[in-house]
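Structural features, examined
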Amino acid sequence: MRTAETTDKRDLVLSIFGLGYVGCVSAACFASRGFSVIGVDVNPEKTDFLRRGLAPVVEERIGELTAEVVNSGQLTVSDDPVDAVKRSDMTIVCVGTPSGAGGGLSTDYLERATEQIGAALAVENRWHTVVYRSTMVPGTCETILIPLLEQTSGKKAGVDFGVCVNPEFLREGTSVRDFLDPPKTVVGETDSRSGDLVMSLYEGLPGPRFQVPVGVAEMTKYVDNSFHALKVGFGNEIGAICAAVGLDSHAVMDIFLADTKLNISPAYLRPGFAFGGSCLPKDVRALTHTARRHDVEVPVLANLLSSNETHLRRAVDLVVASGRRKVGIFGLSFKPGTDDLRESPLVELAERLIGKGFDLQIFDSHVALSRLMGANRAFIDERLPHIGELLTDDVAAVAAHSEVLVIGSKDQAVLDVIEKRSEGKLVIDLVRVPDAETLRDRDDYTGIGW
């Protein structure tokens, strides 16, 4: 029996279920890279096209590539899905996952393909890897597809066969180019043997590679596409405002796009607590006000502050849900390492908890009441008049007082408090402390977005 360790990847035979855009492109591209590929589809017109060396989809380069790999014998088709699985080492599922009623995902095609694969695995005695390339919401593979594979095959995933999720990042119109020059390669694995084997399919292609839990791989495609949609909506709303005030939106966006340090970059994209400060809330309000004055609807921009408010409420709800009354907040300024309290979400959090009757104490090493002047002092006097009683420079005293430790800073003094906390104290992490990955499975730790 061949294994991931001993098999030359070019010896692998792949069966591909579903010959639409993703499946057809994947089949032709894998075949062009030296793999033997068997295409399977319920639509006889698609399989007939491929038998004649014709691509069933219209796409840049796909016509000539398909003709080449069919004529060379690297790509064949089968009308018998069970036989295709039995003649291959790996099955890649590329069937459609259309929207169901209410916008939910329809898994009908996935389940049908999975049952066919399971029937083939039932009569196979060698290792086979099942790879889902179809877009599906997190949990689909582990709660629906793997149990269905096990039920129909009578075998156990990770023991008798492997399962992976391998999302595609192909754009219609440039999908062949995107396959051969991917932005990244993601493999969600249930076992490392299968994950390594699937990753070997892309050996020699550029871009970063990630072998991750199955749910992370499933979520990746949705994050990408939702962000792409957000970018289109954002750009269009900026264009509408610019047009209303007589500006060339492309000239404006040329400047925006030139900033790869903050704008087109990883900046601000790590999940955490709500935004605040002297700029973001004020400027979003001003821009949406300008849009309203010119009768321009900008629902994406208009809902930014509503979204931020919702995230602030999440933190309040986490504290309330704990059922404990003594709370310590570690961090108060809107940005760690500063003493700027203007529109700080941590100040707003403190104010709401006080209003709900919580017994609160606050520590922030960068905020000393005696040094607060001007706008900061006025902000505290107006929004949180009891700050003098709540704010202390004794981090140990706040930790000793509190049943709930709300972490809004990564200062070393705060990290030490988490490490040395007494048993039974709950940590609510708003900043993702360095040990969050190991802490997140504990009952006394909750991350706001992880």
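Values in this document were obtained by computation on a predicted structure and should not be read as measured data. (Residues numbered from 1 in each chain as written. Predicted model: local features only at pLDDT ≥ 70, side-chain atom pairs only at ≥ 80, totals over all residues. Heavy atoms only, no water.)

Observations concerning the packing of helix 9 (residues 214-244) against helix 10 (residues 249-258)
Across the interface, helix 9 lies against helix 10 with an axial gap of 9 Å and an inter-helix angle of 130°. For the element pair helix 9 / helix 10, the angle class is oblique. Seen along the crossing, helix 9 lies across helix 10 with a hand that is right-handed. In contact with Phe234, Ile238, Gly239 and Cys242 of helix 9, helix 10 contributes Ser249, Val252, Met253 and Phe256. A breakdown of the residues in the contact of helix 9 with helix 10 according to their chemical character gives six nonpolar, two polar and no charged. (Axes fitted to C-alpha atoms, helices over the stretch in contact; angles between N-to-C directions. Helix = DSSP H or I, 4+ residues; strand = E, 2+ residues; numbered from the N terminus. Parallel < 35°, antiparallel > 145°, perpendicular 65-115°, else oblique. Left-handed = near helix turned anticlockwise from the far one by under 90°. Contact = heavy atoms within 4.5 Å. Nonpolar A, V, L, I, M, F, W, Y, C, P; charged D, E, K, R; others polar.)

Describing the pairing of strand 10 (residues 359-363)
Note that strand 9 (residues 326-330) and strand 10 share five bridges and pair parallel. Note on strand 10: the bridge partner recorded for Lys326 is Asp359. Where the polypeptide runs from strand 9 across helix 14 (residues 345-355) and back to strand 10, its parallel neighbour, the crossover connection is right-handed. Across two bridges, strand 10 lies against strand 11 (residues 391-392) in parallel orientation. Among the inter-strand pairings, Ile362 is bridged to a residue of strand 11, identified as Leu391. (Pairing = 2+ DSSP bridges. Right-handed = clockwise from strand over helix to strand, strands pointing away.)

Overview of the UniProt feature "transmembrane region" (unreviewed entry) in the chain
UniProt feature "transmembrane region" (unreviewed entry): in the numbering of this structure it lies at residues 12-35. Each end of residues 12-35 is marked by a C-alpha atom, and these two atoms are 6 Å apart; helix forms 50% of the span and strand 21%. (UniProt positions renumbered as here; feature names shortened; annotations may be inferred.)

Considerations on the nonpolar core
Counting 45 residues, the largest nonpolar core has Ile329, Phe330 and Leu349 as the members making the most contacts within it. Top element by residues in this core is helix 14. It accounts for five residues. Not counting residues up to four positions away in its chain, the partners in contact with Phe330 are Phe363, Val395, Val398, Ala399, Leu405, Val406, Ile407, Gly408, Ser409, Val414 and Val417. In this structure, Leu19, Val25, Leu65 and Met199 belong to the second largest nonpolar core, which totals 38 residues. (Core = buried A, V, L, I, M, F, W, Y, C linked by side-chain atoms within 4.5 Å. Buried < 20%, exposed > 50% of the residue type's maximum accessible area, 1.4 Å probe, protein only.)

Details of the UniProt feature "active site" (unreviewed entry) in the chain
The sites that carry the UniProt feature "active site" (unreviewed entry) are, in the present numbering, Cys279. Mapped onto the elements of the fold, Cys279 is located in the loop between helix 10 and helix 11 (280-293).

Quick look at helix 9
With 31 residues, helix 9 should cover 45 Å at 1.5 Å per step; its first-to-last C-alpha distance of 46 Å lies within 8% of that length. Taken together, the buried positions of helix 9 are occupied by Val214, Ala217, Glu218, Thr220, Lys221, Asp224, Gly233, Glu237, Ile238, Gly239, Ile241 and Cys242. Positive backbone phi, approximately 80°, marks Gly246, located one or two places after helix 9. (Expected span 1.5 Å × (residues − 1).)

Overview of the packing of aromatic side chains
Applying the stated criterion to the full structure yields five aromatic pairs. A ring pair is formed by Phe30 and Phe179, whose centres lie 5.0 Å apart and whose planes are at 90°; its orientation type is edge-to-face. With Phe30 in helix 1 (residues 21-32) and Phe179 in helix 7 (residues 175-180), this pair connects stretches of sequence that are 149 residues apart. When sorted by exposure, Phe30 lands in the same class as Phe179, which is buried. Measuring from centroid to centroid gives 5.9 Å for Phe234 and Phe256, while their planes differ by 45°, and the two rings are tilted. Separated by 22 residues along the polypeptide, Phe234 in helix 9 and Phe256 in helix 10 bring together distant segments of the chain. The structure contains a cluster of three or more aromatic residues connected by ring pairs, namely Phe30, Phe35, Phe179 and Tyr202. Positioned above the aromatic ring of Phe169 is the side chain of Lys184, whose terminal nitrogen or guanidinium carbon lies 4.2 Å from the ring centre. Here the guanidinium or amino end of Arg325 rests over the ring plane of Phe358, the centre of that ring lying 3.9 Å away. (Phe/Tyr/Trp six-rings, centres within 6.5 Å; stacked < 30°, edge-to-face > 60°. Lys NZ or Arg CZ within 6 Å of the ring centre and 35° of its normal.)

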